[in-house]
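Chains, contacts and geometry: an overview
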Amino acid sequence: MSEPITSVQNPRIKNIVLLQSKSRERKLQDRIVIEGYREISRALASGVVVKELYYCPELDTGNRVGEVQQHAGQAVFYEISRTVFEKIAYREGSDGLIALAQPKYLSTEDIQVKENLLLMILESVEKPGNLGAVMRTADAAGVDAVIVCDPLSDIYNPNVIRSSVGCVFTVPVIAGTNEDIWQWLTKNRIKSYAAALTEEAIPYDTVDYSGPSAIVLGTEATGLSRSWLEFSDRQIIIPMHGIADSLNVSTSAAIIIFEAVRQRKI
């Protein structure tokens, strides 16, 4: 291990700050920033390759760096001061570990099409926190994959990783265009159910999700595009009984996806 890094002006530290804030830099350098032991360990367990690990002994009271080293022994480890860590930390109350890793980009070819395939599709998700929350739900429900169509947010944005508590690594995430995903769904005979506030929509719990199914959701502001509504096999809705006419996209995703899981258990 090299000498501890104590200056926030260190080029490596400045680069981490750049990677955290710029999606373009993450793509150019083929690197993502993962903060926290839980998130790093989940990334490693899913096969993500950690290239560099920055740790602050003062904050790593459980000596988690030793555990990480057992699974990322080829990574370069850098000890950093508390001042430096606080400069690059994305959240408060972190445990003193930040990793630079090589992202895994998947395609629909990586999805194993099977009789009970269950997918979650998101169109043009804008807020990283929402995408991360949906990933957490997808992991909890055992969804086979999450597909993000025409994404407006980088799937490896630090806030996606944080809000998903590392579940962005535990569930396959695929980014693609609407057209490519429509072709793939049609080719594999996967039914799509679009959540929508339309007159054509029927209650979400009256639909049979037992076959290969994809739950499709749009942005909170505008919902799904007209093209998705026209393509989908059925439009579905969560009945509202108060003054609110819609729910947060991650909440809607959880309600519908767990109904699909319930049906499959029966």
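Being a predicted model, the structure only gives us computed values, none of them experimental. (Residues numbered from 1 in each chain as written. Predicted model: local features only at pLDDT ≥ 70, side-chain atom pairs only at ≥ 80, totals over all residues. Heavy atoms only, no water.)

What to know about the packing of helix H6 (residues 128–141) against helix H10 (residues 249–265)
To keep things clear, this is the line we draw: In this analysis an axis means a line fitted to C-alpha atoms, helices contributing only their contacting stretch, and an angle means the value between N-to-C directions, from 0 to 180 degrees. For helices the rule is a DSSP run of H or I covering at least 4 residues; for strands it is a run of E covering at least 2, with both sets numbered from the N terminus onward. Should an angle lie under 35 degrees it is considered roughly parallel, over 145 roughly antiparallel, and from 65 to 115 roughly perpendicular; all remaining angles are considered oblique. A clockwise turn of the near helix away from the far one marks a right-handed crossing, whereas an anticlockwise turn of less than a right angle marks a left-handed crossing. Note on definitions: a residue-residue contact is assigned when non-hydrogen atoms from the two residues lie within 4.5 Å. Three categories are distinguished: nonpolar for Ala, Val, Leu, Ile, Met, Phe, Trp, Tyr, Cys and Pro, charged for Asp, Glu, Lys and Arg, and polar for the others, with Gly belonging to the last.
Between H6 and H10, the shortest axis-to-axis distance is 9 Å and the interhelical angle comes to 15°. Taken together, the axis directions place H6 and H10 in an arrangement best described as roughly parallel. Where H6 crosses over H10, the two elements pack in a sense that is right-handed. Taking contact as the criterion, the partners of Asn 130, Ala 133, Val 134, Thr 137, Ala 140 and Ala 141 in H6 are, on H10, Val 249, Ser 250, Ala 253, Ala 254, Ile 257, Phe 258 and Val 261. Per-class residue counts for the contact of H6 with H10 are ten nonpolar, three polar and no charged.

Focus on empty space enclosed by the protein
Convention followed: As defined here, a cavity is a set of points on a 1 Å grid over the protein atoms alone where a 1.4 Å probe fits but cannot get out. A pocket is an open set with protein on both sides within 12 Å along at least five of seven lines, and residues line them when an atom is within 4 Å of a point. Grid points are joined across faces, edges and corners, and a volume is the space filled by probe spheres set on the points.
Applying the stated criterion across every chain yields a total of one cavity of 30 Å³ or more. Counted as a void, the largest cavity has a volume near 80 Å³. Lining the largest cavity are Gln 20, Val 33, Glu 35, Glu 39, Tyr 90, Arg 91, Pro 158, Ile 161 and Arg 162. Those elements that provide at least two residues to the lining of the largest cavity are strand E1 (32–35) and helix H7 (158–163). Per element, the largest residue contribution to the lining of the largest cavity is three residues, and it comes from H7. The class makeup of the residues in the lining of the largest cavity is four nonpolar, one polar and four charged.

Side note on the sheet that holds strand E9 (residues 202–203)
So the rule is basically this: Two strands pair under a simple rule: DSSP has to find at least two bridges between them.
If you walk across this open sheet you meet the seven strands as E7-E6-E5-E10-E8-E11-E9, and the pairing is parallel. With one partner strand each, in any of the chains shown, strand E7 (173–176) and E9 form the two edges of the open sheet. Two strands pair when backbone bridges link them, and E9 and strand E11 (residues 234–237) are joined in this way by two bridges, in the parallel orientation. By the bridge assignment, Ile 202 is partnered in E11 with Ile 236. Packed onto the sheet, helix H8 (residues 178–187) meets strand E5 (118–123), strand E6 (145–149), E7, strand E8 (191–195) and strand E10 (213–217) and runs at close to 160° relative to E5. Sheet strands in contact with H10 are E5, E8, E10 and E11, and its direction is about 160° off that of E5.

Overview of the confidence of the model for the protein chain
We count it as follows: As a per-residue measure, pLDDT reflects the predictor's confidence and takes values from 0 up to 100.
Taken over all residues, the pLDDT of the protein chain has a mean of 92, while the share at 70 or more is 98%. Within the protein chain, E10 carries the highest mean pLDDT (97), whereas helix H4 (residues 64–71) carries the lowest (89).

Quick look at the side chain of Ser 192
Definition in use: Each residue's exposure class comes from its accessible area (1.4 Å probe, protein chains only) as a fraction of the maximum for that residue type: buried when under 20%, exposed when over 50%, partly exposed otherwise.
Turning to its location among the elements, Ser 192 is positioned in strand E8. With a relative accessible area of 0%, Ser 192 lands in the buried category. The residues contacting Ser 192, other than those within four sequence positions of it, are Leu 185, Ala 214, Val 216, Trp 228, Phe 231, Ser 232, Asp 233 and Arg 234.

Some details on the sheet that holds E1
Taken in spatial order, the four strands line up as E1-E4-E2-E3 in an open sheet, and their pairing is mixed. Two strands bound the open sheet, and with one partner strand each, they are E1 and strand E3 (76–79). Strand-to-strand twist across the sheet, computed as the mean angle between neighbouring axes with direction ignored, equals 20°. Both E1 and strand E4 (residues 97–102) contribute to a ladder of four bridges, which runs antiparallel. Paired with Ile 34 across the two strands is Ala 99, which belongs to E4.

Comments concerning the packing of helix H3 (residues 37–45) against H4
When two helices pack together, you describe them by how their axes are tilted relative to each other and by the distance separating the axes. Two numbers describe how H3 lies on H4: the axes approach to 10 Å, and their chain directions differ by 10°. As the angle between them shows, H3 and H4 are arranged roughly parallel. For the pair H3 and H4, contact is made by Tyr 37, Ile 40 and Leu 44 and by Arg 64, Glu 67, Val 68 and His 71, respectively.

A look at the nonpolar core
Most often, soluble globular proteins keep nonpolar side chains buried together rather than apart. To be explicit about the condition: What is meant by a nonpolar core is a set of buried Ala, Val, Leu, Ile, Met, Phe, Trp, Tyr and Cys residues, joined one to another through side-chain atoms within 4.5 Å.
Judged by nonpolar contacts, the single largest core of 52 residues is most densely connected at Ile 34, Leu 53, Met 120, Phe 169 and Tyr 209. The element that contributes the greatest number of residues to this core is H10, accounting for six residues. Ignoring sequence-local partners within four residues, the contact set of Met 120 consists of Val 134, Val 143, Ala 145, Val 146, Ile 147, Ile 215, Leu 217, Ala 253 and Ile 257. Ile 111, Ala 145, Ile 147 and Ile 174 belong to the second-largest nonpolar core, a separate cluster that totals 20 residues.

Things to note about the packing of aromatic side chains
To keep it simple, the criterion reads: Aromatic contacts are taken between Phe, Tyr and Trp rings whose centres are within 6.5 Å, Trp giving its six-membered ring; a plane angle under 30 degrees counts as stacked, one over 60 as edge-to-face, and the others as tilted. Any Lys NZ or Arg CZ that is within 6 Å of a ring centre and within 35 degrees of that ring's normal is treated as a charge sitting over the ring.
Applying the stated criterion across every chain yields a total of seven aromatic pairs. Residues Trp 182 and Phe 231 carry aromatic rings whose centres are separated by 5.7 Å and whose planes lie at 25° to one another, so their mutual orientation is stacked. Taken as a pair, Trp 182 in helix H8 and Phe 231 in helix H9 (residues 226–231) lie far apart in primary sequence, 49 residues in all. An aromatic cluster of at least three residues, connected via ring pairs, comprises Tyr 105, Tyr 156 and Phe 169. Sitting over the ring of Tyr 37, Arg 64 keeps its end group 4.2 Å from the ring centre.

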